[in-house]
Amino acid sequence: MRIDQQQITEVNTRNNDIHNRQMDILKQLHSGSRIEGIIGKLIEFQVALPSWALGAGGTRFGRFSYGGEPGSLEQKIEDIGLIHQLTRTAGAVSLHIPWDIPDDIPAVKELADSLDITFDAMNSNTFQDHEGAAQSYRNGSLSSVHEAAREQAVEHNREVIRIGENLGSKGLTVWLADGASFPGQYNFQTALKHTGESLKTIYAALPDDWKMLIEYKPYEPHFYSTVIQDWGTSLMLANACGEKAFTLVDLGHHLPNTNIEQIVATLMAQGKLGGFHFNDSKYGDDDLTVGSVKPYNLFLIFNELVYGMENNAENPPLSWMIDASHNIKDPLEDLIQSLEAILVAYAQALLVDREALSEAQQYSDVAQCQEILQEAYRTDVRPLLRESRLRSGGAMYPLQVYRDLEIRKKLIRERGLKVRATGL
Ligand SMILES: [Mn+2]
């Protein structure tokens, strides 16, 4: 299903008067050229949606389908197409293998092309057993004490690269669930050594223009230790692999109160931040809607991302992805809200007066430093988002249009109420 572009234009025109007044105020408060620069950056900014995020997520206690969920990879890409049409920010998909192996690669590519969607980093999966596989990952994959399990996991990652090459992807994300739930379960050094060797073998199969992104996580599914528990371990492994390997930061993969913005700054200074996964959390890896719990934190992180993008030329362009799960919201509404929160934080960070901040830091004017940051954070930047969508053909109010057009109802009519998204 696709939205008639005319319907988006109609709603946009209806809201124009208030919007123009809001834009005028912003241009008076900040220089017009500054505002133009921010709008240009917002239009360019694209976030990948993962192929597993279009259906209702679940917890270990259960899963409640939302109705009209996509039953195939093609339908998942169509759903991303809907979100992209409304927001003009979701111009990429991140595939999860083996949940979303394309049957007909040229057809899937053509569909994505027609919706203006590219293929961002590919995600391998060695955190569960694959149907018919000879080896089990019950006791680890890339870190396993069993050579045959390690080889199988390496080969799976090579296969993911091959599929990605055919789709035009340029990246592989490796997240390992490997770990121990009990002290003494495995030898830390052996597990890390095996992981390093396995990653190097995968890296050897990486095409020249690809990135390998190594994700870390302190706990879960194992509760005593994980092999790649933190950014330092990830960075060490990436450095050992080579210049095409980078660390990937997932917002939810930190212990409570970790200073994530500082991690971002450190990695970018090293030119080693390759990817970023958005979500929000209260306690752990809660995978909540971006910006729903700690929006100021998100702003502070974006403040460092923007600084890094402007000052660390050796750091590559980042692979941005939403890595959230939707248990009780319409997944498409949740993703629209997440995209909005990401762009709000990005626009606020772009609004920070960096010259003034640097000067205040020079004089150790602590109060002024805080004022400068919060001045940007407390600015309502949403008109800038609306303006960028208006210019790029999206909906000024994506969620409102999504509801007005009763898209979920139409998807249920098209696909049925009882369908469940494939994969998860
Ligand atoms: Mn992630």
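Calculation criteria
- Residues numbered from 1 in each chain as written.
- Predicted model: local features only at pLDDT ≥ 70, side-chain atom pairs only at ≥ 80, totals over all residues.
- Axes fitted to C-alpha atoms, helices over the stretch in contact; angles between N-to-C directions.
- Helix = DSSP H or I, 4+ residues; strand = E, 2+ residues; numbered from the N terminus.
- Left-handed = near helix turned anticlockwise from the far one by under 90°.
- Contact = placed C-beta atoms within 7 Å.
- Nonpolar A, V, L, I, M, F, W, Y, C, P; charged D, E, K, R; others polar.
- UniProt positions renumbered as here; feature names shortened; annotations may be inferred.
- Parallel < 35°, antiparallel > 145°, perpendicular 65-115°, else oblique.
- Core = buried A, V, L, I, M, F, W, Y, C linked by C-beta atoms within 7 Å.
- Buried ≥ 20, exposed ≤ 12 C-beta atoms within 10 Å, placed from the backbone.

J.: Sorry if this is basic, but what is going on with the packing of helix α3 (residues 32-44) against helix α11 (residues 331-351) here?
T.: Running from amino to carboxyl end, α3 crosses α11 at an angle of 145°, the nearest separation of the two axes being 10 Å. The hand of the α3/α11 crossing is right-handed. Of the residues in α11, those touching α3 at Ile 38, Lys 41 and Leu 42 are Leu 343, Tyr 346, Ala 347, Leu 350 and Leu 351. For the contact of α3 with α11, the residue count by class is seven nonpolar, no polar and one charged.

J.: When you look at the UniProt feature "domain: Xylose isomerase-like TIM barrel" (unreviewed entry) in the chain in this model, what are you seeing that I'm missing?
T.: As annotated by UniProt and renumbered to match this structure, "domain: Xylose isomerase-like TIM barrel" (unreviewed entry) occupies residues 102-287. Taken end to end, residues 102-287 comprises 37% helix and 16% strand; its first and last C-alpha atoms sit 26 Å apart.

J.: How do you make sense of the packing of helix α2 (residues 16-29) against helix α14 (residues 382-392) when you look at a structure like this?
T.: Geometrically, a packed helix pair is captured by the angle between its two axes and the distance between the axes. Contact geometry of α2 with α14 gives a least axis separation of 9 Å together with a crossing angle of 120°. Accordingly, the angle class assigned to the pair α2 and α14 is oblique. Where α2 crosses over α14, the two elements pack in a sense that is left-handed. Contact with α2, carried on its side by His 19, Gln 22, Met 23 and Leu 26, involves Pro 383, Leu 384, Arg 386 and Glu 387 of α14 and no other residues of that element. Residues belonging to the contact of α2 with α14 are distributed by class as follows: four nonpolar, two polar and two charged.

J.: Looking at this structure, how should I read the nonpolar core?
T.: Inside soluble globular proteins, nonpolar side chains tend to come together where they are buried. Ranked by internal contacts, the top residues of the largest apolar core, which has 116 residues, are Val 93, Met 212, Val 264 and Ala 347. Considering each element in turn, this core owes the most residues, 14 residues, to α11.

J.: Just checking my understanding: could you explain the environment of Glu 215 for this structure?
T.: Topologically, Glu 215 is positioned in strand β9 (residues 211-215). A residue is classified by how many C-beta atoms lie within 10 Å of it, and Glu 215, with 21 of them, is buried. Glu 215 sits 39 residues away from Leu 176 along the chain, and the two C-alpha atoms are 7.5 Å apart. With sequence-adjacent residues up to four places away left out, Glu 215 is seen in contact with Thr 173, Val 174, Trp 175, Leu 248, Asp 250 and His 253.

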